[in-house]
Structures are given as structure tokens and as C-alpha cells.
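Each chain, written out:
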Amino acid sequence: MKLKTMAIVALLAAGATAATAQSNYDAKFKAYPTYSGEDLELTVDSSGTHWRLWSPEAQEAVVNIYNEGRGGEPIETLNMEYHKENGTWTASVPQQLYGKFYTFKIKFDGKWLNETPGVWAKAVGVNGKRAAIIDFSQTNPEGWEADKGPQVDNFTDVIVYEMHHRDLSMHPSSGINNKGKFLALTEPGTTTPSGQKTGIDHLKELGITHVHILPSYDYNSVDETNLEANVYNWGYDPQNYNAPEGSYSTNPENPATRISEMKQMVKALHDAGIGVIMDVVYNHTAENDGSNFSLTAPGYYYRHREDGSYSDASGCGNETASDLQQMQDYIVNSVKYWADEYHIDGFRFDLMAIHDTETMNRVAKELKEVNPSIFVYGEGWTAGDSPLAVERRALKENVSKMENVAVFSDDIRDAVKGHYTDAADRGFATGKPGLEETVKIGIVAATAHPQVDYSKGNNSKFAYASSPEMIVNYVSCHDDLCLTDKLRHSMKGEPEENQLAAAKLAQTIVFTSQGTPFMFAGEEVFRDKKGVHNSYNQPDSINAIDWENKAKYRDQFDYYKGLTALRKAHPAFRMTNAEDIAANLVFDEIDITETTNLISYSLKNHANGDSWEEIKVVLNGASESQSVEIPQGEWKIVAFDGKINPDQGLGTSNGGKMTLAPYSALILAKE
Ligand code: CA
């Protein structure tokens, strides 16, 4: 989802509390009775099939039962009975209607609205227009009961790999059979024609701990009845929040197939020791009046302006209202459902600041009760203004008000590679001066540090994180120019070897910084998107990773692999609290009147139980070689001049003057 608005920072700085007052229109909804029982919408048990729809203002409600997922006429229409104490409508039949489909229809303001599968459809027909009644126990792969994701003790131990299903597998060079499908990640032994590992074997070889899959719930933009058209979309246009997307299954007509195949994907990754994080987009829906929210409880789930129109902090035409009880319950119960039914290991909240901090705290707390290893993070900003008061928003600047919730650091992102709004803008890693302090904010995971001057920060002016577990560091993601394209554009005219060097330096900063590192799929093989920045609806020819790059840029891949290995072997890069960082991470004084684009620091005192007594990290983002004076001692050279070897090392040094090549990092370790 497009990253926008830094205006919020200004709002906060100005002490603003709310952009606009909540409308009277919303006040009406606060008075609705609520209901969040597990039997919402559909239950099948020994006594039959039961429906319970929450719709406090409907005048009548019916259930239509169908034989098919699309087409045909209802085989039966049941009138529902209203229960005013909780705002729900119920109907039942004594049979277990497995294999059938259904929709709800409500009469509102004197007229019947369109049919809807409801907001809690867990299985759906093709294109998600009807809910399906299936036996979920039949969707579990063999061994599912024992299936478990990796245990995570501290969220700074996680290494996130953000991927789209089609990016990873569509290119012919992937050697994968189930291209663009959940099943792509269940195929072991796939290679490029030249023998490089691809797919799940590639992920294992790279050494990441978690994949973050772009939206995989049922979204709106791809016609599941015409998959031959091979339409691509990121999927930030939610339709059914609690069922998987049909186009990623081998048969979207069969409601059980997408469920079973997504579970097979999760299990294959778990068997490989890799966790699965889902990108969730509860902040808006693809449609306004036509959404399942609007067709079940018109108006309720959204925020409004004072004139009653939809407010639009998402930039997509509407924004949901997590500050209303039924919506808050919905978000919390929906993620818990994915964690429980699909064994999902983490959730990345799109435009998280549209939600309130109270909702996010509930999300994290209740997920922790399902599985303490679940990692929750999100975009700590909105894409437009919201009626929700600034101090209630789950903003980056409010992250310390949340527990077990992390935010993306746009500080490190924009400072390292250059600003996302200007393709030509360079960053610290590509020779632009004056960004050292903002990079340092990233290095200390936005925690208070005696040697970091937040007043010089570009994006943030205060230490907003009280713990490194609150920060996700990255230099690129699906949004905007990917790293390769950004470097090609901003370093136009320089040889490719400089761009490759800058890519290594940029990711070295991400992987050695405190907080949780996050990378965009394919950057380890210098993937590009042919210069297209907002590729959400672009064809596979733009988005698919060409895996022949892995042989071509094998040196790049090996370096990234070295970065994951370094981080996993050395807890000094993964400190768990701000006090340890302030005590053990010491920046070397560098005379900025003499030099630029140079940062040097040490991780001291066997930080966080590290086997190395001291680690020195020197970052040269200048286009020129620069020398530093390394203190005397027995140093192992871990990374130097575009090479890395955390295990054996690249040689030794007794200190003294060392010269770093342009756009390169030096990492030294003292046993
Ligand atoms: Ca869909």
C-alpha cells in the first residue's frame, strides 16, 4: 500500500488533537447493540445449520441458499428473526448443509439491498460473492494438528522477507510448477535452468526466518473465473477478510481448495522452519456502499465526515472505524481466526494509524494468548487525514503507547537510499551528505541514545520507540521504486558495480541495525521492476522476479546470505531493550567538517550475550574511498570491500588505518 503523509508529524508537533470532530452520524452507531460471539453468521453442528447476522438497523433479513457458488436461483429463502438485545438476526435448518452456498439480504430504509456473503464468510464461491458451507476438518493437510511455526523469543530475532505470490514464481526461470499459486511454496527441489535454487529452497538457502505474504485474503480486483487472463494485483482491495484469495488456488470454483492449498503452503514453510506473516488491510474496503460491511450494517463500519460522507484516511475512498466496538471486535477476532485456523505467525497492518492504539493493543494481546511468537507490525501512518484524534492513532510516533506492536522506520528507509517521493534523490548509502544523524536513528531503532541528536532527524524529531522490538528497519518494500530501480535511477551514469555496492551497503545497514530487519523479495538477486514504482496492477513482465539473476548476481546473493547468517549468529545485532543499546552501542566521534557519509560504531561488552566481545561497524556511503583509524587489537575482518564471511572471516587486522572502498561497509570483530 502506498506510503504517504509525513504531515502527521507536523500535526503532532503542533499539538493538534483531532483533525475534524466525529460526526453526529457516527454518534448514532455508538448506540448500536453489539455482538461478537463465535457463532456470528454461520455455525454447523449436530443440530443443523445456523445463521446469525449482526444488523441492528435492518427492517427484515433473509438467507438465500444455493446449490452453486455462482448463477442459478436460491433453492430456499429463510426469513430471519431479530434479537434486539444484541442486534442479530437468526435462522436455522435441521440439516448440515455442507456443499451449499448462501447469501444474506437485508431490508434497510424501506428497500432491499443487494445480496452479500456477510462479513464473516470463511469459505466462499468463485469471486467471493456467495459464502460456502464446508467441513473445515477436511481442509487440513496431513500432520496439521502438530504443525507449528518457529518459536520467536524476541521480535528482533525475526528476519522478514516480503513477497507477492506471483513475483516469486511466475517467471519461467523459477522452475516452479504451480506458478502464482499458494502451492508454489510447497515445491522442493526447484531450480533455474542453470541450476540455482528457487522457491522454498531458495528461501532456506538465503536464511530468512519469516515470509511476509502480500494480501492473501479474498480481494476484489482479479476475476477468478478468468485466470487465463493472468491479471496481477497486489490485493490491497479487500472483499472477504476471512477467506483466502481464489486466484492463488488451483481451483477457485471449489471453496475448499483455496483453504486447503493455503494451509499446505503454511505447513511447507513451517516444515522448513520459516514463519508466515500475513499482510492485512482492515483499514478500508474495495467498495463503499457495495461492500459486505455496507450490505450488512449500512454505514456502521466506516468513519464519516460531518456531512455523512465517507472520510478517507486510506486514500482509497473510505476508512474503517476501529474505534467502534463491533469493528474493533471484528479486527481482533479476524486475526485470531487466521492465527488459529491457518497457523499464521504474524500480521502486518496496512495503514495501521487508521486504527486506534487501543485496538492494536487488543490485537497484540489477544494474539499473544493464541501464540506468543506472533509478530505484529504495521505502517505507522495514514494516507490522508482522519476524524480519529491524532493521539489515538496507531502512529509511528505513538508506538510507545502500544505493547508488542512494531512500526516501519521510514527514517532509515529514506535516509539510506534517498527519499521515496523523488526517484533521483540520493541517500546516505549513495553519497548524499547530511543524513548521518537520521541513519543513526535507524541504527539505534529510534530509541533514546546519548549520542543521537534527534533534532537533526529528517523524519522524526524524538526517540519514539521505547524498545527495539517496536521497530522494523528496511530500505524498500513493494511500494515505490524497489532498491535496484532506485539505485539505477539515482546513480544514473555510474557503473553497475557501484549500484551493486550501494545495494550491499544499504542492506548491511538494515541487517546490522537494532530492531527487526525487513527485505523485499528478490533484492538478494538484484531484481528490478523495470523502473515502475507503483506496480500494483502491472503485468508479470514487470513484477515477476527473473531468477536467472541469481547466477548473474550470485555475488550479491552470497552477500545477503552472509548478512542473515551474521545476524542470526550474533545477538549483539538483536538487542531487546533500549537500555542495552544505550549502554553497549557506542558511536565513534567523526569530525563532520573533515568527512561526510561516514558512520562508525561499536557493539561492546558481549552485547546481548554475544560471543564476540566487540563488533565494529563502519559505513562509508561516499562515492570516494575513506579511511578510518581502527584501535589496536586482534580483529577478525567479517565484512570488507563487498565481501562478508561471518564464520571464518576474511582475514585479520591489528588495527591502524583501514581504507573503505566507495559505498561499502567494514565489519570487524574482537573475540
Ligand atoms: Ca478474489
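Residues numbered from 1 in each chain as written. Predicted model: local features only at pLDDT ≥ 70, side-chain atom pairs only at ≥ 80, totals over all residues. Heavy atoms only, no water.

Caption draft 1: Examining the overall build of the protein more closely. Looking only at helices and strands, the protein has 16 helices and 28 strands in total. Here the protein has a C-alpha radius of gyration of 26 Å; the compact-globule value for 671 residues is 26 Å, and the two agree. Along the three orthogonal principal directions, the C-alpha set of the protein runs to about 85 × 60 × 45 Å. Looking at the protein as a whole, 62% of its 671 residues qualify as buried. (Helix = DSSP H or I, 4+ residues; strand = E, 2+ residues; numbered from the N terminus. Rg over C-alpha atoms; globule rule 2.2 N^0.38 Å. Buried < 20%, exposed > 50% of the residue type's maximum accessible area, 1.4 Å probe, protein only.)

Caption draft 2: Expanded view of the nonpolar core. Judged by nonpolar contacts, the single largest core of 142 residues is most densely connected at Tyr-161, Val-211, Phe-347 and Phe-349. Setting aside anything within four residues of it in sequence, one finds Phe-349 in contact with Val-280, Tyr-282, Ile-331, Val-335, His-355, Met-360, Val-363, Val-376, Tyr-377, Gly-378 and Glu-379. Within the second largest apolar cluster, 23 residues are counted, among which are Ala-58, Val-63, Ala-121 and Ile-133. (Core = buried A, V, L, I, M, F, W, Y, C linked by side-chain atoms within 4.5 Å. Contact = heavy atoms within 4.5 Å.)

Caption draft 3: Structural view of the coordination of the calcium ion. Every protein donor of the calcium ion is listed here as Asp-218 (OD), Tyr-219 (O), Glu-224 (OE) and Glu-245 (OE), and their distances to the metal cover 2.2 to 2.4 Å. Here the donor residues for the calcium ion map to a single chain with the spacing D-Y-x4-E-x20-E. Placement of Asp-218 in strand 12 (residues 217-219) and of Glu-245 in the loop between strand 13 (238-244) and helix 5 (255-271) is noted, with a sequence separation of 27 residues between them. Relative accessible area serves as the criterion here: at 0%, Asp-218 is assigned to the buried category. (Donors = N, O, S within 2.8 Å, 3.2 Å for Na, K, Ca; no water.)

Caption draft 4: Layout of unusual backbone geometry. In this structure, His-343 takes a positive phi of about 60 degrees despite not being glycine. Tracing the sequence through the fold places His-343 in the loop between helix 7 (325-341) and strand 15 (346-349). Even without being a glycine, Ala-445 presents a positive backbone phi close to 55 degrees. According to the relative accessible area criterion, Ala-445 is buried, its value standing at 1%.

Caption draft 5: Spatial organisation of the state of the cysteines. Enumeration according to the criterion identifies zero disulfides in this entry. For Cys-477, which is in no disulfide, the shortest distance to another cysteine sulfur is to Cys-482 and amounts to 10 Å. Using a relative accessible area of 6% as the deciding quantity, one classes Cys-477 as buried. (Disulfide = S-S within 2.5 Å.)

Caption draft 6: Just the environment of Val-280, in detail. Along the chain, Val-280 falls in strand 14 (residues 275-280). Once the C-alpha coordinates of Val-280 and Lys-670 are considered, the two residues, 390 residues apart in sequence, prove to be 43 Å apart. Val-280 has contacts with Tyr-217, Phe-347, Arg-348, Phe-349 and Asp-350, leaving out every residue within four places of it along the chain.

Caption draft 7: Region of interest: the sheet that holds strand 10 (residues 160-163). One closed barrel accounts for eight strands, arranged 10-11-14-15-16-17-18-19; its pairing is parallel. The average angle at which neighbouring strand axes cross in this sheet is 30 degrees, direction not considered. Two elements, strand 14 and strand 15, share four bridges in a ladder whose sense is parallel. Bridging across to strand 15, Val-280 finds its partner in Phe-349. (Pairing = 2+ DSSP bridges. Axes fitted to C-alpha atoms, helices over the stretch in contact; angles between N-to-C directions.)

Caption draft 8: Quick look at the pairing of strand 11 (residues 210-213). Side chains His-210 and His-212 of strand 11 all project onto a buried face; the interleaved residues Val-211 and Ile-213 project onto the opposite face, where all are buried too. Here four bridges tie strand 11 to strand 14, and the two strands are oriented parallel to one another. Paired with His-210 across the bridge in strand 14 is Gly-275.

Caption draft 9: Representation of the packing of aromatic side chains in the model. Counted by the stated rule, this structure contains 38 aromatic pairs. The ring of Tyr-35 carries the charged tip of Arg-52 above its face, separated from the ring centre by 5.0 Å. The ring of Tyr-66 has Arg-130 sitting right over it, with the charged end atom 3.5 Å from the ring centre. (Phe/Tyr/Trp six-rings, centres within 6.5 Å; stacked < 30°, edge-to-face > 60°. Lys NZ or Arg CZ within 6 Å of the ring centre and 35° of its normal.)

Caption draft 10: Geometry of helix 9 (residues 410-417). In terms of residue burial, helix 9 counts as a mostly covered element, since eight of its eight residues are buried. All of the buried residues along helix 9 are Asp-410, Asp-411, Ile-412, Arg-413, Asp-414, Ala-415, Val-416 and Lys-417. Buried residues along helix 9 sit in contact with strand 17 (406-408), helix 10 (436-443), strand 18 (471-473), helix 11 (483-490) and helix 12 (496-512). The first or second residue beyond helix 9 is Gly-418, which carries a positive phi of 105 degrees.

Caption draft 11: Fine view of the confidence of the model for the protein. Here the protein shows a mean pLDDT of 95. Residues at 70 or above account for 96%. With pLDDT under 50 throughout, residues 2-21 is counted as low confidence; its partners more than four residues away or in other chains account for 47 contacts. (pLDDT = per-residue confidence, 0-100.)

Caption draft 12: Quick peek at the sheet that holds strand 2 (residues 48-54). On the basis of which strands lie adjacent, the open sheet formed by four strands has the order 1-2-6-5 and antiparallel pairing. The open sheet terminates on both sides in strands that have one partner only, identified here as strand 1 (43-45) and strand 5 (81-83). Neighbouring strand axes in the sheet, compared pairwise and without regard to direction, differ in orientation by 25 degrees on average.

Caption draft 13: Representation of helix 5. Between its first and last C-alpha, helix 5 extends 25 Å over 17 residues, near the 24 Å set by a 1.5 Å rise per residue. The backbone nitrogen of Ala-256 has a side-chain oxygen 3.0 Å away, supplied by the residue at the start of helix 5, namely Asn-254. The first or second residue beyond helix 5 is Gly-273, which carries a positive phi of 80 degrees. (Expected span 1.5 Å × (residues − 1). Polar contact = N/O pair within 3.5 Å; in protein donor to acceptor, adjacent residues only side chain to side chain.)

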